[in-house]
Amino acid sequence: MIFDCDGVLVDSERICVKIDVRVMAELGCDFTEEEVVSTFVGSSFAVRNALIEERLGRALAPEWYKAYDHLYEEALATDLLAIDGVADALEALDLPFCLASNGGHANIRRNLTTTGLRHHFAEDRIFSAADVAVGKPAPDLFLHAARSLGVAPARCVVVEDSPYGVTAARAAGMAAFGYAGGLTAAHRLAGPGTVVFEDMRELPRLLGVGRSRAVRPVS
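Just so you know, these numbers come straight off a predicted model, no measurement behind them. (Residues numbered from 1 in each chain as written. Predicted model: local features only at pLDDT ≥ 70, side-chain atom pairs only at ≥ 80, totals over all residues. Heavy atoms only, no water.)

A look at the packing of aromatic side chains
Moving on, step 1. Under the definition given, this model contains eight aromatic pairs.
Moving on, step 2. With a centroid separation of 5.8 Å and 85° between ring planes, the pair formed by Phe 3 and Phe 97 is classed as edge-to-face. Here Phe 3, found in strand β1 (residues 2-3), pairs with Phe 97, found in the loop between α5 (86-92) and β2 (98-101); they are 94 residues apart in sequence, far enough to count as distant. As far as the burial class goes, Phe 3 and Phe 97 line up, both buried.
Moving on, step 3. When the ring of Phe 45 is compared with that of Tyr 65, the centres are 4.9 Å apart and the planes differ by 75°; the resulting orientation is edge-to-face. With Phe 45 in helix α3 (residues 45-56) and Tyr 65 in the loop between α3 and α4 (69-79), this residue pair connects regions lying 20 residues apart in the sequence.
Moving on, step 4. Taken together, the ring pairs in this structure connect Phe 45, Trp 64, Tyr 65 and Tyr 68 into an aromatic cluster. (Phe/Tyr/Trp six-rings, centres within 6.5 Å; stacked < 30°, edge-to-face > 60°. Helix = DSSP H or I, 4+ residues; strand = E, 2+ residues; numbered from the N terminus. Buried < 20%, exposed > 50% of the residue type's maximum accessible area, 1.4 Å probe, protein only.)

Some remarks on the sheet that holds strand β5 (residues 175-179)
Moving on, step 1. The strand order β3-β2-β1-β4-β5-β6 describes an open sheet built from six strands, whose pairing is parallel. With one partner strand each, in any of the chains shown, β3 (126-128) and β6 (194-197) form the two edges of the open sheet.
Moving on, step 2. As defined by bridge partners, β5 adjoins β6 across four bridges and the pair is classed as parallel. Bridging across to β6, Tyr 179 finds its partner in Phe 197.
Moving on, step 3. Strand contacts of helix α7 (residues 140-148): β1, β2, β3 and β4 (157-160), with the helix running at about 150° to β3, the strand carrying the most contacts. (Pairing = 2+ DSSP bridges. Contact = heavy atoms within 4.5 Å. Axes fitted to C-alpha atoms, helices over the stretch in contact; angles between N-to-C directions.)

Thoughts on the pattern of salt bridges
Between side chains of opposite charge, a pair can form when the charged atoms approach closely.
Moving on, step 1. By the definition in use, this model includes 14 salt bridges.
Moving on, step 2. Residue Lys 18 is joined to Glu 33 by a salt bridge in which the shortest nitrogen-to-oxygen separation is 3.3 Å. Taken together, the positions of Lys 18 in helix α1 (residues 13-27) and Glu 33 in helix α2 (residues 33-39) put the pair 15 residues apart, joining distant regions of the chain.
Moving on, step 3. The partner of Arg 201 in a salt bridge is Asp 88, and the shortest N-O contact between them spans 3.3 Å. Here the residue Arg 201 occupies a position in the loop between β6 and α9 (203-206), and Asp 88 occupies one in helix α5, the gap between them amounting to 113 residues. (Salt bridge = Lys/Arg side-chain N within 4 Å of Asp/Glu carboxyl O.)

These results come straight from atomic positions and should not be treated as a statement about function.
Laid out in structure tokens, this is it:
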């Protein structure tokens, strides 16, 4: 089982979206919170950069984002929480799992530590888009995680909260579970081979870990 991090394990998207709006305004390309959610949530840095440059009509300076890193770090340090029910879900799972995120390694580990989830993921079970040439929505990251752990893609299940993530899972030939308890509407996650759910505590049952029968994917 492959978990995304932001919006699936840690409730960082709600925090970062508000800061994104502020940062975009300072850059000179206004985005509403709704636009940030639909355009940026779950994307890789390369995708985000390209979209900002398109809106601006000019190239961004190299490492422009470093001037704003402190805004995210300060907010996440004080306000970040685990997704409601995810700790219970992780404790209940009786199958191997890992993490594959478009975020950087340092940010992933910081957020897991802040929310008390770090102990669930061994070092060799944490994968970042920095490990591959192209992040989500390309399938490369999920395929890299599966290959690293010696598991065929068809035997993998992905938990995601964004269209970018479920698109990557489908492209990798993996079943997807779309978590709609966050910022992304359920209909934007639904599709072939995908189960959409809103309560993270339901995940073990949906996987068939509990006594209840697993549900059929949303088509």
